[in-house]
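Chain by chain, the residues:
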Amino acid sequence: MALSATVFKVELGVSDVDHGYYADHTLTVARHPSETDERMVVRLLAFGLRAHRLGDVDGELAFGAGLSTPGVPDLRLADYTGRILEWITVGQPDGRALAKAAGQADQVVLFPFASGVATWWRTVAPKVAGLPNLSVVRIPHEPVEQLAQSVDRRVAAQVMVMEDQVTMTVGGVDVTFAPEPLQ
């Protein structure tokens, strides 16, 4: 018998001072049985970091089908015609997957977060250096680990961005860190 996704209800407050975006989002997040709490936290963080784009476009920022459906973004910012403005993914995909995403979206934003990012990036960076619409922003692993410990099926979370520093709160645990642009 196949395991089904676990559904999380998240009240996410976003205060993005750098972009002048302030909003609360009620989210339903499905976590695939093979997805870790860390990966889910980074998906929520990615939503918070990219939510300011909703003020720029007439569209929707939505979670993708997840790990059960390869070849789809973790998050997708699309206008109401269906055009993918931003293909947002987390983790450490290979160069081929990133090139395919770059051909399907105006912009690809990648958030790698695990402890092996430096090694992975040395291998993948030369393969994706020619993709002008790819942005890669490393999320430090230690804060993600701390936040993942406080994930619950119903959780309040907050993402605050100010002067390129991020403070994320999940279930009462606060961490502050600086995402590192890699490309």
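Residues numbered from 1 in each chain as written. Predicted model: local features only at pLDDT ≥ 70, side-chain atom pairs only at ≥ 80, totals over all residues. Heavy atoms only, no water.

Looking up the protein in an unreviewed UniProt entry gives the name YaeQ family protein, with the organism given as Mycolicibacterium sediminis.

## Description of the pairing of strand 3 (residues 59–63)
Where burial is concerned, the two faces of strand 3 differ: the one with Gly59, Leu61 and Phe63 is buried and the one with Glu60 and Ala62 is not. Bridge count for strand 3 against strand 4 (residues 75–79) is five bridges, and the pairing is antiparallel. Across the sheet, residue glycine 59 finds its bridge partner in strand 4, namely aspartate 79. (Buried < 20%, exposed > 50% of the residue type's maximum accessible area, 1.4 Å probe, protein only. Helix = DSSP H or I, 4+ residues; strand = E, 2+ residues; numbered from the N terminus. Pairing = 2+ DSSP bridges.)

## Points about helix 3 (residues 117–128)
Residues Val117, Trp120, Trp121, Val124, Ala125 and Val128 constitute the buried set of helix 3. What you see down the axis of helix 3 is that its buried residues fit within an arc of 125 degrees, all on one side. Turned more than 90 degrees away from the buried face of helix 3 sit Arg122 and Pro126, all of them exposed. Its buried side turned inward, helix 3 meets helix 2 (95–104), strand 6 (107–111) and strand 7 (134–138). (Arc of directions from axis to C-beta. Contact = heavy atoms within 4.5 Å.)

## A look at the layout of surface pockets
Approximately 370 Å³ is the volume attributed to the largest pocket. In terms of lining, the largest pocket is formed by 20 residues, of which the most central are Gly71, Val72, Thr89, Pro93 and Ala97. Residue assignment for the lining of the largest pocket shows that the elements contributing at least two residues are strand 5 (84–90) and helix 2. For the lining of the largest pocket, the leading source of residues is helix 2, giving five residues. Around the second largest pocket, the lining is made up of 16 residues, and of these Leu49, Arg50, Val137, Asp164 and Pro179 lie nearest the centre. Listed by contribution, the elements that provide at least two residues to the lining of the second largest pocket are helix 1 (37–50), strand 6, strand 7 and strand 9 (165–170). Looking at the lining of the second largest pocket residue by residue, the class counts come to eight nonpolar, four polar and four charged. (1 Å grid on protein atoms, 1.4 Å probe; cavity = no way out; pocket = protein on both sides within 12 Å on 5 of 7 lines; lining within 4 Å. Points joined across faces, edges and corners; volume = space filled by probe spheres on them. Nonpolar A, V, L, I, M, F, W, Y, C, P; charged D, E, K, R; others polar.)

## As for the side chain of aspartate 79
Mapping aspartate 79 onto the fold places it in strand 4. Of the side chains with opposite charge, arginine 83 comes closest to the buried, unpaired aspartate 79, at an N-O distance of 4.3 Å. Of the polar contacts made by the side chain of aspartate 79, one reaches the side chain of threonine 81; its length is 2.5 Å. At 3.1 Å, the side chain of aspartate 79 and the backbone nitrogen of arginine 83 are in polar contact. Apart from the residues lying within four places of it in its own chain, the contact partners of aspartate 79 are Asp58, Gly59 and Leu85. (Lys, Arg positive; Asp, Glu negative; His and termini not counted. Salt bridge = Lys/Arg side-chain N within 4 Å of Asp/Glu carboxyl O. Polar contact = N/O pair within 3.5 Å; in protein donor to acceptor, adjacent residues only side chain to side chain.)

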